[in-house]
Amino acid sequence: MDTIIKKIDKLQPNSEENKRIYEKAGAILKKGGLVAFPTETVYGLGADALNREASEKIYAAKGRPSDNPLIVHITNMEDLEKIVETIPKEAYIVAEKYWPGPLTMIFEKREIVPYETTGGLDTVAVRMPSDETAREVIRAGGGYIAAPSANTSGRPSPTMAGHVEEDLGGRIDMIVDGGAVEIGVESTILDMTVTPPMILRPGKITKEMLAGVIGEVSEDRAIIRPDSGVAPKAPGMKYRHYAPKAELSIVEGPAELVVGAINQMAVGYISKGYKVGIIGTEETVEKYRAGVVKNIGTRSDEATIARHLYAILREFDAENMDYIFSESFSTGGIGNAIMNRLLKAAGHHVINV
Ligand code: AMP
Ligand code: MG
């Protein structure tokens, strides 16, 4: 199949050409086809969430395990009421504060939502994104768009259209190119079917931010202590998100010691003929003396780190590294989401210095 790729002109949001692109995307979605589009978190691979065959195509294109449910994307609260059974009052409070935005909530599903979309579950995950391109595509496609990250299962989530093309070019109908995404890590997932509501995946909207509006919020033990042996409650969280060709290790400890240890390991591996990649920060990149060093962002603004994480992992893959060493990041704010994804990519391999 030929994949149509169209670029949105963000400087002229209401241009005729943009309108034609959204109309085309909408027509494909309404016919049961697949359209990838940007959201503020990562690029999503969209299909009509209420059409079982369309949802099945997502699993096939991504190579996604069939028990890993999809998030349904909407653009207004009235549409939420049409697809879920009961909406607890806390959900309205959370929605008022954080929708549209990088937050997904889980509810009991109505019959209209097929099990193909929910991976066989009686609950459905719903998000209202803020990205204007995403909202146009969702509206054009009928209002209910299932959209997991638009990567091949097991690869890092795509943060630009080129990443989508790399993984899914020739396998999907269309890619709407809206440039690089703003946040770079997937949405926070909050389960509203339990009391108190439980975070199943950390994201930009933190536990503290949620607790600030609804009081008590719990956190899935499997994300706090990944080695606890309990299965995560979000089916997708049990899969290793990214198995890099290289062996990725996270080096933790006082900054000076971390740089020293990474330099020493890099020199050692390089002398044996291996290719070594290093993930450093604005504050440290100058201090590395061996290997391919990449600047992931600045510690003074961890949003920059989130934005570059997946792109850097993809670059190292393309460069055929044997070993990658990454600095560790704080676990406050969005740092919690960054470390959750990085630890998964590293298969929880941490070196303490
Ligand atoms: P992705 O859209 O690729 O970021 O993946 C969606 C994530 O949401 C996966 O980790 C899923 O397991 C999770 N998810 C979707 N629906 C549900 C649900 N009904 N219950 C629990 N987790 C869900
Ligand atoms: Mg994903």
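It should be emphasised that the depicted structure is a prediction, and the values quoted were computed from it without experimental measurement. (Residues numbered from 1 in each chain as written. Chains lettered and ligands numbered in written order. Predicted model: local features only at pLDDT ≥ 70, side-chain atom pairs only at ≥ 80, totals over all residues. Heavy atoms only, no water.)

Enquirer: How should helix α12 (residues 335–345) be read in this particular structure?
Expert: In an α-helix, one turn spans 3.6 residues, which is why side chains three or four residues apart end up on the same side. In terms of burial, α12 is a largely internal element, 10 of the 11 residues being buried. Looking one or two residues beyond α12, the residue adopting positive phi is G347, at roughly 55°. (Buried < 20%, exposed > 50% of the residue type's maximum accessible area, 1.4 Å probe, protein only. Helix = DSSP H or I, 4+ residues; strand = E, 2+ residues; numbered from the N terminus.)

Enquirer: Can you help me understand the sheet that holds strand β12 (residues 247–252) in this one?
Expert: The pairing of strands in a sheet comes from backbone hydrogen bonds and takes either a parallel or an antiparallel form. With respect to topology, 5 strands assemble into an open sheet ordered β14-β13-β15-β12-β16, the strand pairing being parallel. Two strands bound the open sheet, and with one partner strand each, they are β14 (292–295) and β16 (350–352). With strand direction ignored, the average angle separating the axes of adjacent strands in the sheet is 25°. The strands touched by helix α10 (residues 255–271) are β12, β13 (276–280), β15 (323–327) and β16; relative to β15, the strand with the most contacts, the crossing angle is about 175°. Each of β12, β15 and β16 touches α12; the most contacted strand, β12, lies at about 135° to it. (Pairing = 2+ DSSP bridges. Axes fitted to C-alpha atoms, helices over the stretch in contact; angles between N-to-C directions. Contact = heavy atoms within 4.5 Å.)

Enquirer: Hey, could you run me through the site of ligand 1 in this one?
Expert: As a structural note, the neighbourhood of ligand 1 is formed by 20 residues, with N68, T123, P148, R201 and G236 the closest of them. R64 places a side-chain nitrogen or oxygen 3.2 Å from an oxygen atom of ligand 1. Between P235 and ligand 1, the recorded distance is 3.2 Å, taken from a backbone N or O atom to an oxygen atom. Bound to the protein, ligand 1 loses 95% of the 500 Å² it would expose on its own. Broken down by secondary-structure element, the contributors of at least two residues to the shell around ligand 1 are β6 (123–127) and β10 (198–201). The element contributing the most residues to the shell around ligand 1 is β6, with 3 residues. (Near = heavy atom within 4 Å. Polar contact = N/O pair within 3.5 Å; in protein donor to acceptor, adjacent residues only side chain to side chain. Areas by Shrake-Rupley, 256 points an atom, 1.4 Å probe, with all protein chains shown as cover.)

Enquirer: Would you explain the side chain of D79 in this entry?
Expert: Mapping D79 onto the fold places it in helix α3 (residues 77–83). Accessibility expressed as a relative area gives 11% for D79, which makes it buried.

Enquirer: Even after reading the chapter, I still don't get the packing of helix α11 (residues 302–318) against α12, so can you show me in this structure?
Expert: How two helices pack is summed up by the angle between their axes together with the distance between the axes. With their axes 9 Å apart at the nearest point, α11 and α12 run at an angle of 20° to one another. Classified by the angle their axes make, α11 and α12 are roughly parallel. The two elements α11 and α12 meet at a crossing, and its hand is left-handed. Here α11 contributes E302, I305, A306, L309, Y310 and L313 to the contact with α12, which in turn contributes G335, I338, R341, L342 and A345. Split into classes, the residues belonging to the contact of α11 with α12 amount to 8 nonpolar, 1 polar and 2 charged. (Parallel < 35°, antiparallel > 145°, perpendicular 65-115°, else oblique. Left-handed = near helix turned anticlockwise from the far one by under 90°. Nonpolar A, V, L, I, M, F, W, Y, C, P; charged D, E, K, R; others polar.)

Enquirer: Where do I start with the packing of aromatic side chains in this structure?
Expert: One pair of aromatic rings is described through two measures. These are the centre distance and the angle between the planes. On inspection of all chains with the given rule, the structure shows 4 aromatic pairs. Ring centres 6.0 Å apart and planes at 75° place the aromatic pair Y269 and Y274 in the edge-to-face group. By relative accessible area, which is 24% here, Y269 ends up partly exposed. For Y274, a relative accessible area of 35% gives the class partly exposed. (Phe/Tyr/Trp six-rings, centres within 6.5 Å; stacked < 30°, edge-to-face > 60°.)

Enquirer: Please clarify how unusual backbone geometry should be interpreted in this entry.
Expert: Leaving glycine out, the prevailing phi sign among residues is negative, and the prevailing peptide bond configuration is trans. Omega for the bond connecting W99 with P100 falls within 30 degrees of zero, at -10°, which places this linkage in the cis form. Tracing the sequence through the fold places P100 in the loop between α4 (89–98) and β5 (103–108). Positive phi, close to 55°, is recorded for N320, a residue that is not glycine. The phi torsion at H348 lies on the positive side, around 60°, for a residue other than glycine. In this structure, H348 sits in the loop between α12 and β16. Since its relative accessible area comes to 40%, H348 is described here as partly exposed.

Enquirer: Would you take a moment to explain the side chain of H163 for this structure?
Expert: Note on placement: H163 falls in helix α7 (residues 161–168). Once you skip the residues sitting within four places of it in the chain, H163 turns out to touch P158, A311 and R314.

Enquirer: Explain the environment of D9 to me, please; I cannot follow it from the model alone.
Expert: Counting through the fold element by element, D9 comes out in the loop between β1 (4–7) and α1 (16–30). Overall, the relative accessible area of 30% leaves D9 in the partly exposed class. Residues D9 and G178, spaced 169 residues apart in sequence, show a C-alpha to C-alpha distance of 7.7 Å.

Enquirer: For this particular structure, what's the right way to read the pairing of β15?
Expert: In summary, the side chains of a regular strand alternate between the two faces of the sheet. In terms of burial, β15 is largely enclosed, as 5 of its 5 residues are buried. Going residue by residue along β15, you find Y323, F325 and E327 tucked away on one face and I324 and S326 tucked away on the opposite face as well. Both β12 and β15 contribute to a ladder of 5 bridges, which runs parallel. Within the sheet, the bridge partner assigned to E247 lies in β15 and is Y323. In this sheet, β15 lies alongside β13 in parallel orientation, the contact comprising 4 bridges. The partner of I279 across the bridge, within β15, is S326.

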